[in-house]
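Chain and residue survey
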Amino acid sequence: IAGLARGGIADPLGTEQVDELRQDPPAWLVTEREVAAKVREEGDRVAARSIRGMVRFSILGILVVTPLYLVLLNSPSLQMGLVLTFISAFVSVVFIPTSLAACQTLCHPRARGTAGGVGGFLAMVVGAGVFPFVVGAFSDAWAPRFGADSLRYALMAGMGFAVLTIALYVRADQHVRAGRITAGG
């Protein structure tokens, strides 16, 4: 999309116009494609050297963000809660792209789209669908015992998935170290 804008195209394109660009690409589009290919090559080169680094950075990110969220859920003041929310969100924004890149790098190039699609689907179904339902169910079930704090405890219980995620990344790191997994599957 940015390449189209750099090429001076600001209006939406129809299928026929896209087909015309594919059949007889203008110079700016050829240049955009060449730059994109070089960026992909460089990304693959860097990834091939640093798969373990990406996996370990993902582990570190989860190890840092999980306690931050646990402290956040138990913060004694609104101000502390807001500061911890900012810090936790910042750490998440820093490590999550690396985590996604590690998953994509470990996949065979032909499977990267499928892996991204399955990961996105699971994130939406489990992360945005099932998980909130389960947290709500736990909160409701625990309400007679914990009262207003039942939601806090249900959210904290959900952080247990971080332990599973760390275990899976540690296992991936072991496979990378042993040479059973390399860049590009």
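Let us look at the structure shown here. (Residues numbered from 1 in each chain as written. Predicted model: local features only at pLDDT ≥ 70, side-chain atom pairs only at ≥ 80, totals over all residues. Heavy atoms only, no water.)

Quick look at helix H4 (residues 51-73)
- Given a rise of 1.5 Å per residue, 23 residues ought to cover 33 Å, and the 33 Å separating the end C-alpha atoms of H4 matches this to within 8%.
- Along H4, the residues that are buried comprise Ile51, Met54, Val55, Ser58, Ile59, Gly61, Ile62, Val65, Thr66, Leu68, Leu72 and Leu73. (Helix = DSSP H or I, 4+ residues; strand = E, 2+ residues; numbered from the N terminus. Expected span 1.5 Å × (residues − 1). Buried < 20%, exposed > 50% of the residue type's maximum accessible area, 1.4 Å probe, protein only.)

Regarding the packing of aromatic side chains
- For the structure on display, the rule yields four aromatic pairs.
- For the ring pair Phe131 and Phe161, a centre distance of 6.1 Å and an interplane angle of 75° mean the geometry is edge-to-face. Taken together, the residues span a long stretch of sequence, with Phe131 in helix H6 (residues 112-146) and Phe161 in helix H8 (residues 161-177) at a distance of 30 residues.
- When its relative accessible area of 27% is taken as the criterion, Phe131 is described as partly exposed.
- Taking the relative accessible area as the measure of exposure, Phe161 reaches 51% and is therefore exposed.
- A centroid spacing of 6.2 Å and a plane angle of 85° characterise the contact between Trp142 and Phe146, whose relative ring orientation is edge-to-face. Here the residue Trp142 and the residue Phe146 both occupy positions in helix H6, the gap between them amounting to four residues, near one helical turn.
- Owing to a relative accessible area of 32%, Phe146 belongs among the partly exposed residues under this scheme.
- One aromatic cluster in this structure is built from Phe138, Trp142, Phe146 and Tyr153. (Phe/Tyr/Trp six-rings, centres within 6.5 Å; stacked < 30°, edge-to-face > 60°.)

Description of the packing of H4 against H8
- At their nearest, the axes of H4 and H8 sit 9 Å apart, and the two run at 160° to each other. Comparing their axes, H8 and H4 come out roughly antiparallel. In the crossing of H4 with H8, the sense of the turn from one axis to the other is left-handed. When H4 is examined against H8, the residues Ile51, Arg52, Val55, Arg56, Ser58, Ile59, Ile62, Leu63 and Thr66 are found in contact with a partner set consisting of Ala162, Thr165, Ile166, Tyr169, Val170, Asp173, Val176 and Arg177. (Axes fitted to C-alpha atoms, helices over the stretch in contact; angles between N-to-C directions. Parallel < 35°, antiparallel > 145°, perpendicular 65-115°, else oblique. Left-handed = near helix turned anticlockwise from the far one by under 90°. Contact = heavy atoms within 4.5 Å.)

What to know about the environment of Val163
- For Val163, the position within the fold is in helix H8.
- Note on Val163: relative accessible area 60%, which makes it exposed.
- Separated by 29 residues in the primary sequence, Val163 and Val134 have C-alpha atoms spaced 18 Å apart.

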